[in-house]
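# A structural walkthrough
The lines below spell out each chain.
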Amino acid sequence: MATGVRGLHVPLVTPFDEAGAVDLAALERLAEEVLDAGADGLVALATTAEASSLDERERDAVLAVCARVAADRGVALIVGAGTNDTRTTIARHEALAEVEGVTASLAVVPYYVRPSEAAIVAHFQAVAARSPVALVVYNIPYRTGRGLGAQALLELAATDGIVGVKQAVGALDVDTLELLARAPRDFAVLCGDDAFLLALLLMGGAGAITASAHLCTERFAALMTAAGAGRLDEARAHAEALLPLILALFAEPSPAVLKAMLHEAGRIATPDVRMPLQAASPAALQRARRSAPARSSARAPARAR
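Residues take numbers from 1 onward in each chain, read along the sequence in its written order. The model is predicted, so local features are restricted to residues of pLDDT at least 70 and side-chain atom pairs to those at 80 or more, both for listing and for counting; the totals for chains, interfaces and linings are taken over all residues. The basis for the side-chain values is all heavy atoms of the structure; hydrogens and waters are excluded.

### Points about the nonpolar core
Threshold: In this text, buried Ala, Val, Leu, Ile, Met, Phe, Trp, Tyr and Cys residues form a nonpolar core when linked through side-chain atoms within 4.5 Å. Think of it in three bands: with a 1.4 Å probe and only protein chains considered, a residue is buried below 20% of the maximum accessible area for its type, exposed above 50%, and partly exposed in between. Per the convention used, a helix needs a DSSP run of H or I reaching at least four residues, while a strand needs a run of E reaching at least two, with both numbered from the N terminus. Contacts are residue-level and defined by heavy atoms, with any inter-residue pair within 4.5 Å sufficient.
Formed by 88 residues in total, the largest nonpolar core has its most connected members in Leu12, Leu77, Phe124 and Leu148. Considering each element in turn, this core owes the most residues, 7 residues, to helix H2 (residues 56-73). Excluding its chain neighbours within four sequence positions, the residues that come into contact with Leu148 are Val109, Glu117, Ile120, Phe124, Val137, Asn139, Leu153 and Leu156.

Okay, structure coming up:
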């Protein structure tokens with residue numbers, strides 16, 4: 001069941017035009033570009049998309065574009081559908097039944113209200129019981145104020161309808177290692193901290209949801225292909241080349257620096273983010289510009305979709 005959430009998935013930014021409106025044409029181009037460069041799938045309405053700053057009409061439009069591209073290309077589509085309220089989260093999941101081609105949801109640990117770990121498990125089980133699509137749990141305590149340890153994640157891994165976790169805990173920690181060692185083989189542990197991609201893959205991770213892979217997508221894809229084939233020196237060379245860029249992209253609140261780089265490359269019309277975020281500073285953009293690795297001559301062979 002988790003097959004569709006394996007591999008390299010890019011959580012697309014939401015481009016804005018000079019008037020501040022969502023630039024759907026640019027979004028479609030970005031989706032096509034990252035898939036052409038080797039990504040296995042797309043993620044719509046994730047944190048990188050500034051989803052919390054989009055109104056319902058904008059959310060629907062962004063999802064429609066991503067769904068159309070994913071369907072046309074025959075690739076996976078994961079959709080951010082989590083909130084800090086169980087009823088709203090269930091409603092957003094149920095609405096995905098109307099969207100053709102959705103592979104799974106990305107459902108964040110409830111933020112702000114700080115429920116207990118047992119309550120978080122119950123929340124996800126309640127959502128999974130009502131959802132028309134599979135769930136990928138998003139475990140990111142840096143943003144939510146609550147995290148899930150190995151035992152809670154293993155309980156969720158044994159729950160029908162929950163097929164993976166985006167693990168973004170700021171480390172390759174003991175809980176992550178225990179999860180990798182004990183989770184069912186069809187449960188996908190996905191890297192959510194871009195800097196730890198290779199380490200997680202080598203310990204049994206199934207892939208990644210990687211914002212940095214808007215840039216140098218072919219190198220991220222080549223890294224994953226090399227790691228999967230056991231070509232460790234090659235995989236490490238890619239990881240080491242990409243690390244300075246990854247660190248530079250997250251030096252200021254995401255996706256400001258990423259959008260600045262995409263704008264400079266002519267891929268989106270503006271570098272704008274919506275308040276309360278602020279545009280990247282000139283210093284952050286300069287650091288990211290200087291950190292970008294040279295294009296690699298190695299191209300990742302096409303992977304099964």
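### Looking at the pattern of salt bridges
Short version of the rule: We define a salt bridge as a side-chain nitrogen of Lys or Arg found within 4 Å of a carboxyl oxygen belonging to Asp or Glu.
Scanning the entire structure with this criterion turns up 12 salt bridges. Put simply, Lys259 and Glu50 hold a salt bridge, and the shortest N to O gap is 2.7 Å. Highlighted residues: Lys259 in helix H11 (residues 256-264) and Glu50 in the loop between strand S2 (41-44) and H2, separated in sequence by 209 residues. The class for Glu50 is buried, based on a relative accessible area of 4%. Bridged by salt links that share partners, the residues Glu32, Asp36 and Arg73 form one connected network.

### What about the packing of helix H9 (residues 217-228) against helix H10 (residues 232-249)?
Applicable threshold: Note on geometry: axes are C-alpha line fits, over the in-contact stretch for helices, and angles between N-to-C directions span 0 to 180 degrees. By convention the crossing between two helices is left-handed if the near helix lies anticlockwise of the far one by an angle smaller than a right angle, and right-handed if it lies clockwise. Classes in brief: Ala, Val, Leu, Ile, Met, Phe, Trp, Tyr, Cys and Pro nonpolar; Asp, Glu, Lys and Arg charged; the others, Gly included, polar.
Direction vectors running N to C along H9 and H10 enclose 145 degrees, while the axes themselves pass 8 Å from each other. As for how H9 packs across H10, the hand of that crossing is left-handed. In this structure, H9 contributes Arg219, Phe220, Ala222, Leu223, Ala226 and Ala227 to the contact, and H10 contributes Glu234, Ala235, Ala237, His238, Ala239, Ala241, Leu242 and Ile246. Taken together, the residues that form the contact of H9 with H10 break down as 11 nonpolar, 1 polar and 2 charged.

### Some details on the environment of Val165
Within the fold, Val165 resides in strand S6 (residues 162-167). Separated by 24 residues in the primary sequence, Val165 and Val189 place their C-alpha atoms 5.2 Å from one another. In this structure Val165 touches Val136, Val137, Asn139, Leu153, Leu179, Phe187, Ala188, Val189 and Leu190, once residues within four positions along its chain are discounted.

### Observations regarding unusual backbone geometry
With an omega of 10 degrees, the peptide bond running from Ser254 to Pro255 counts as cis. The omega torsion of the bond from Met275 to Pro276 falls at 15 degrees, within 30 degrees of zero and hence cis. Counting through the fold element by element, Pro276 comes out in the loop between H11 and helix H12 (282-291). If you check the backbone angles, Tyr112 has positive phi at about 70 degrees while not being a glycine. Of note, Tyr112 is situated in the loop between strand S4 (104-108) and helix H4 (117-130).

### Side note on the side chain of Glu58
Structurally, Glu58 can be placed in helix H2. The exposure class assigned to Glu58 is buried, which follows from its relative accessible area of 8%. If sequence neighbours within four positions are ignored, Glu58 has contacts with Val22, Ser53 and Arg274.

### Things to note about the sheet that holds strand S1 (residues 7-11)
Going by this rule: A pair of strands is considered paired only if DSSP assigns at least 2 bridges between the two.
Pairing within the closed barrel is parallel, and its 8 strands lie in the order S1-S2-S3-S4-S5-S6-S7-S8. When the angles between neighbouring strand axes are averaged without regard to direction, this sheet yields 25 degrees. Alignment of strand S5 (residues 134-139) against S6, held across 5 bridges, turns out to be parallel. Among the inter-strand pairings, Asn139 is bridged to a residue of S6, identified as Gln167.

### Brief notes about a nonpolar patch on the surface
The cut-off we apply is this: Patch building starts from residues that exceed 30% relative accessible area and form no salt bridge, then joins like charges within 9 Å and nonpolar side chains (Val, Leu, Ile, Met, Phe, Trp, Tyr) within 5 Å. In short, Shrake-Rupley with a 1.4 Å probe defines the accessible areas, and a residue's cover is counted only from the protein chains shown.
On the surface, Tyr111, Tyr112 and Val113 cluster together into a nonpolar patch covering about 350 Å² of accessible area. Inspection of the secondary structure puts Tyr111 in the loop between S4 and H4. Exposure remark for Tyr111: the relative accessible area of 31% places this residue in the partly exposed category.

### Observations concerning the packing of helix H1 (residues 24-36) against H2
One can describe the packing of H1 onto H2 by two numbers: an axis separation of 10 Å at closest approach and a directional angle of 35 degrees. Pair H1 / H2 crosses with right-handed handedness. On the side of H1, the interface is formed by Leu24, Leu27, Glu28, Ala31, Glu32, Leu35 and Asp36, while H2 contributes Ala61, Val62, Val65, Cys66, Arg68, Val69 and Arg73. When the residues that make up the contact of H1 with H2 are grouped by side-chain class, the tally is 9 nonpolar, no polar and 5 charged.

### Some thoughts on the environment of Glu50
To keep it simple, the criterion reads: Two N or O atoms form a polar contact when they lie within 3.5 Å of each other; inside protein one atom must be a possible hydrogen donor and the other a possible acceptor, and for residues adjacent in sequence the pair counts only when both atoms belong to side chains.
In sequence terms Glu50 and Met275 are 225 residues apart; their C-alpha atoms lie 9.9 Å from each other. With sequence-adjacent residues up to four places away left out, Glu50 is seen in contact with Thr14, Phe16, Pro255, Lys259, Asp272, Val273, Arg274 and Leu277. Only 2.8 Å separates the side chain of Glu50 from the backbone nitrogen of Arg274, close enough to count as a polar contact.

### Overview of the pairing of S5
Most of S5 sits inside the fold, with 6 of its 6 residues counted as buried. Neither face of S5 is exposed, since Ala134, Val136 and Tyr138 on one face and Leu135, Val137 and Asn139 on the opposite face are all buried.

### Quick notes on the environment of Ala70
Secondary-structure assignment places Ala70 in helix H2. Placed 32 residues apart in sequence, Ala70 and Val102 show a C-alpha to C-alpha distance of 8.6 Å. Excluding residues that lie within four positions of it along the chain, Ala70 makes contacts with Leu42, Val75, Ala76 and Leu77.

Note that every value here comes from positions in space, so none of it alone points to a role or purpose.
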